[in-house]
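Architecture at a glance
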Amino acid sequence: MDDELDSGSTALTGTTPTGPNLHDWNTGLAGPDPLSAVDADSLSGTSDTKAAAAAGPAAGPATGSSRPGRAGRGPSKPRPEWRDPAELPGVQRAHTGAFGQKLQALDDAARTVMAVMDSIDVNALSDPEVVALTQMVERTGRPVDAARVATATVVGYRSRSGLGAESLAWRLGASHQNDLLIGLTGTSVPEMKRRVSLGEKVAPRMLGGTVLEPEFPFVAAALSAGEIGIDAAENIVKGLADYKVHGRFDADQSLVDGGEAELVESATGSVFGRTPGPGDTNTATNTATHTDTDGAGPACTGPIARLGASAGFTFPADRIREMAATWQAVLNPDGAAPTAEILEAKSTFSFGKLSQGLHPLRGGVTPELKGIMQTLFNTFQSARSAPAFPSAEEQQRIEAGELVPGEILDERDGGQKRADILRGILVQVAQDPRTPTMGGMPPTVMVHVNATDLINGVGVGWIDGVEGPVSMKTINQMVDNGGFRPIFFGGTGAVLALGDKVRCFTPLQRRAITARDGGCIIPGCTCPPQWTEVHHVKPWQNGGPTNVSNGVLLCWRHHHNIDTSGWHIRMVLGMPEVKAPHWIDPTGTWRKPPQHRAHDPKTRRQDE
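Residues numbered from 1 in each chain as written. Predicted model: local features only at pLDDT ≥ 70, side-chain atom pairs only at ≥ 80, totals over all residues. Heavy atoms only, no water.

Considering the pairing of strand β3 (residues 270-274)
Strand residues, when the strand is regular, have side chains that alternate between the two faces of the sheet. This is how the line gets drawn: Here the term buried applies to any residue with accessible area under 20% of the maximum for its type, exposed to any over 50%, and partly exposed to those in between, with areas from a 1.4 Å probe on protein chains only. Starting at the N terminus, helices and strands are each numbered in turn, a helix being any DSSP run of H or I of at least four residues and a strand any DSSP run of E of at least two. Pairing between strands is defined by DSSP: at least two bridges between them are needed.
Within β3, 5 of the 5 residues are buried, which leaves it mostly tucked inside the rest of the structure. With 5 bridges connecting them, β3 and strand β4 (residues 304-309) associate as antiparallel partners. Its bridge partner lying in β4, valine 271 is registered against glycine 308.

Structure representation (structure tokens):
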């Protein structure tokens, strides 16, 4: 394989190659045709190919290709073994001459950056210095990112599987383009796919031997100028790709160009537009199209370049993605309605594989459904968002030991709160009598656990159709709220009997407890009563009865953590009392939780 890269289609000086390329305009990148006769002979590195070429057409097509006119496309020999490309003579010669000087310049630049960073103690910098360094490092890295995209795209194009034995990947012993790219760079396959996907949109194209500008010329110009980052470039390309030529939607291409130019300006803080071309006279630069819309004369037809600083603001990559979505609505000539059916058909929701004790949620929702969900989440989350200070009456109750002082610390983040809100909604729907039944039974989660494990408080349980185990802590909570039904097995595993449901609060008992408590009894918790669970104050496994005098309402979070959170509950004359953790109430006073508003003297009209 020593002579696999002995010579190639590109000039050794690294200059822009020329040559015909009759591939489709949408996939043909500007560059030499890897299938030309010169390339096939010089890159094969075998005497067999040269002999076949010398024999002429009479020799027939090479083995591995059965299609007319496609001789030599299929592998006619075993794929070479992979070797470090740096050991190949062709690559070694690339480090000499004029092109070698360019490679050395890049190496010197990298060493300069490393030397400068080694001389800086980042942790010791002042705030202004670390801010300036952060911006400069980002600016320094952007030309490198653009070069990475460009090189990965060319390597990927020359390694596409349709080239067969002429593929660059095959000739270097790699199985496919991604295999070659990760072998050359040491990065991951997703990163290589990301670079190639972006590069295909910002690389020059060929049509009939003519070099065409990139599909996204403004993004390409900003990348080349080091003005835009990869993230922002990706967001622009992904946001407008469906509206370019041969995209999913028809759109006015002048508007698409205008949208691309404005998004690039918003991402870079620079104005990019066309410069005067060779035949332009009395031209006026235009940042989007060839059309003169201001009456200032003919528009420029030259390449796109940076024209100056923008008068507007510069936005981060995440904001550019949102702005691209706004442009999508502008570019769709019929508005959003015609695409709603397409997009809604793709709305989906599914569970991923169990990972680290959690099933990831995957899918997407339509904008109106997100609005409903977000409003619902915000409604419940905002209940505790505003700071509260005790009134004079509340201060008196605090001093009398009837109210827990201070705000109750909720350590959940926004995602955990939304998950608990969603749990409450789903539980309420499952318990609603109008919910459809399944097999004659309402939606019921069946957890299977060994009786001995349940008594001893060890082991795990299992839910049918769910691969992850359920902890004994969760099982006890479910039994505490919903009871259990024993199933008796014989020695051979056969079912002998099905016992009655035990340790389960009846619907009447739950209504009575709800009328007394009015919701979760932990002070400060705003969980509505229909989302709560009934908790045995004296645990059922310790002989606690299942009656109104031993049951209280708790939300799922407080119920799940009642044994470890530091909260304590007791019943006094049929009424619950709570004692807060020491870090909330250092006095350790037992206090009565808020009553149902129907029974609370503060919410009742007193007789005059």
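Looking at helix α7 (residues 177-185)
Two residues of an α-helix separated by three or four positions point the same way, owing to the 3.6 residues in each turn. How we decide: Note: the arc covers the axis-to-C-beta directions of the helix.
Within α7, burial applies to Asn178, Leu180 and Leu181. Each buried residue of α7 lies within a common arc of 160° when the element is viewed along its axis, so the set occupies one face. Directly after α7, the chain includes glycine 186, whose backbone phi takes a positive value near 80°.

Structural notes on the packing of aromatic side chains
So the rule is basically this: Paired rings are identified among Phe, Tyr and Trp, the last through its six-membered ring, by centres lying within 6.5 Å, and are further divided according to the angle between planes into stacked (under 30 degrees), edge-to-face (over 60) and tilted (the rest). By the criterion adopted, a ring carries a charge over it if an Arg CZ or a Lys NZ lies within 6 Å of its centre and within 35 degrees of its normal.
In the structure shown here, the tally under the stated rule is 0 aromatic pairs. A cation sits over an aromatic face here: arginine 160 above tyrosine 157, 4.0 Å from the ring centre. For the cation-ring pair, arginine 319 lies above phenylalanine 315, with the distance from its terminal atom to the ring centre recorded as 5.8 Å.

So, the pattern of salt bridges
Condition: Whenever Lys or Arg places a side-chain nitrogen within 4 Å of a carboxyl oxygen from Asp or Glu, that contact is recorded as a salt bridge.
In the structure shown here, the tally under the stated rule is 18 salt bridges. Between arginine 142 and glutamate 138 there is a salt bridge, and its shortest N-O distance comes to 3.4 Å. Of this pair, arginine 142 and glutamate 138 both sit in helix α5 (residues 127-158), 4 residues apart, which is roughly one turn of the helix. Residue arginine 142 is classed as partly exposed on the basis of its relative accessible area, which comes to 21%. A single network of salt bridges, built from pairs that share partners, joins Glu191, Arg194, Arg195, Asp231 and Glu234.

Here we look at the side chain of aspartate 517
To keep things clear, this is the line we draw: N or O atoms within 3.5 Å of each other form a polar contact, as long as, within protein, one can give a hydrogen and the other can take it, and as long as residues adjacent in sequence are counted only when both atoms are side-chain atoms.
Note that aspartate 517 resides in helix α19 (residues 507-517). A distance of 2.8 Å separates the side chain of aspartate 517 from the side chain of arginine 516, its partner in a polar contact. Within the structure, the side chain of aspartate 517 is placed 3.2 Å from the backbone nitrogen of leucine 553, a separation counted as a polar contact.

Some thoughts on the confidence of the model for the chain
This is how the line gets drawn: Think of pLDDT as the predictor's per-residue confidence, scored from 0 to 100. Residue contacts follow a heavy-atom distance rule, with two residues in contact if any of their heavy atoms lie within 4.5 Å.
Here the chain averages 74 in pLDDT, while 67% of its residues score no lower than 70. For the stretch residues 7-75, pLDDT sits under 50, and the model shows 106 contacts to residues farther than four places along the chain or on other chains. Taken as a whole, residues 383-389 scores under 50 in pLDDT and shows 7 contacts with residues more than four places along the chain or in a different chain.

Notes on the packing of α5 against α7
Cut-off, in case you're wondering: Between N-to-C directions, angles cover 0 to 180 degrees, with each direction set by a line fitted to C-alpha atoms, over the stretch in contact for helices. Throughout this description, any angle smaller than 35 degrees is read as roughly parallel, any larger than 145 degrees as roughly antiparallel, any in the 65 to 115 degree range as roughly perpendicular, and the remainder as oblique. Working rule for handedness: look at the near helix, and if it is turned counterclockwise from the far one by less than a right angle, call the crossing left-handed; if clockwise, right-handed. In this classification, Asp, Glu, Lys and Arg are treated as charged, Ala, Val, Leu, Ile, Met, Phe, Trp, Tyr, Cys and Pro as nonpolar, and every other residue, Gly included, as polar.
Running from N to C, α5 and α7 point in directions that differ by 140°, and their axes come no closer than 9 Å. It follows from the interaxial angle that α5 and α7 lie oblique. In this structure, α5 crosses over α7, and the sense of that crossing is right-handed. When α5 is examined against α7, the residues Ala152, Val155, Gly156 and Tyr157 are found in contact with a partner set consisting of Gln177, Leu180, Leu181 and Leu184. Each residue belonging to the contact of α5 with α7 can be placed in one class, and the counts come to 6 nonpolar, 2 polar and no charged.

Concerning unusual backbone geometry
The backbone phi angle of leucine 573 is positive, close to 55°, even though this residue is not glycine. Tracing the sequence through the fold places leucine 573 in the loop between β14 (568-572) and β15 (575-579). When its relative accessible area of 87% is taken as the criterion, leucine 573 is described as exposed.

So, a nonpolar patch on the surface
The test is simple: The residues that make up patches have over 30% relative accessible area and no salt bridge, and they are joined within 9 Å when like-charged or within 5 Å when they are Val, Leu, Ile, Met, Phe, Trp or Tyr. Only the protein chains shown count as cover for residues, and the accessible areas themselves come from Shrake-Rupley with a 1.4 Å probe.
The grouping of Val113, Met117, Val122 and Val137 at the surface amounts to a nonpolar patch, some 290 Å² of accessible area in total. With respect to the helices and strands, the residue valine 113 is situated in helix α4 (residues 97-118).

Quick word on the sheet that holds strand β8 (residues 460-463)
Overall, antiparallel pairing links the 3 strands, which are arranged β7-β8-β9 in an open sheet. The two strands at the open ends of the sheet, each matched to only one other strand, are β7 (447-448) and β9 (470-471). Of the strand pairs in this sheet, β8 and β9 are connected by 2 bridges, and their pairing is antiparallel. When the sheet's bridge partners are listed, valine 460 is paired in β9 with serine 471.

Here we look at the nonpolar core
In plain terms, the rule: Only buried residues count toward a nonpolar core. Its members are Ala, Val, Leu, Ile, Met, Phe, Trp, Tyr and Cys residues joined through side-chain atoms within 4.5 Å.
Judged by nonpolar contacts, the single largest core of 32 residues is most densely connected at Leu198, Val219, Leu223, Ile228 and Ile236. Among all residues touching valine 219, those that are not within four sequence positions of it are Val202, Ile228, Ala233, Ile236, Val237, Glu260 and Val264. In this structure, Phe377, Ile421, Trp567 and Ile584 belong to the second largest nonpolar core, which totals 18 residues.

Digging into α19
For α19, every residue scored as buried is listed here: Gln509, Arg510, Ile513, Thr514, Arg516 and Asp517. The buried residues of α19 all sit within an arc of 160° when viewed along its axis, so they share a single face. In this structure, α19 carries Pro507, Leu508 and Arg511 as exposed residues pointing more than 90 degrees from its buried face. A positive phi of about 75° marks glycine 518, the residue just after α19.

What to know about the environment of alanine 317
Assignment of secondary structure puts alanine 317 in helix α12 (residues 317-331). A C-alpha to C-alpha distance of 8.1 Å links alanine 317 and glycine 229, two positions 88 residues apart in sequence. In this structure alanine 317 touches Asp231, Ala232 and Asn235, once residues within four positions along its chain are discounted.

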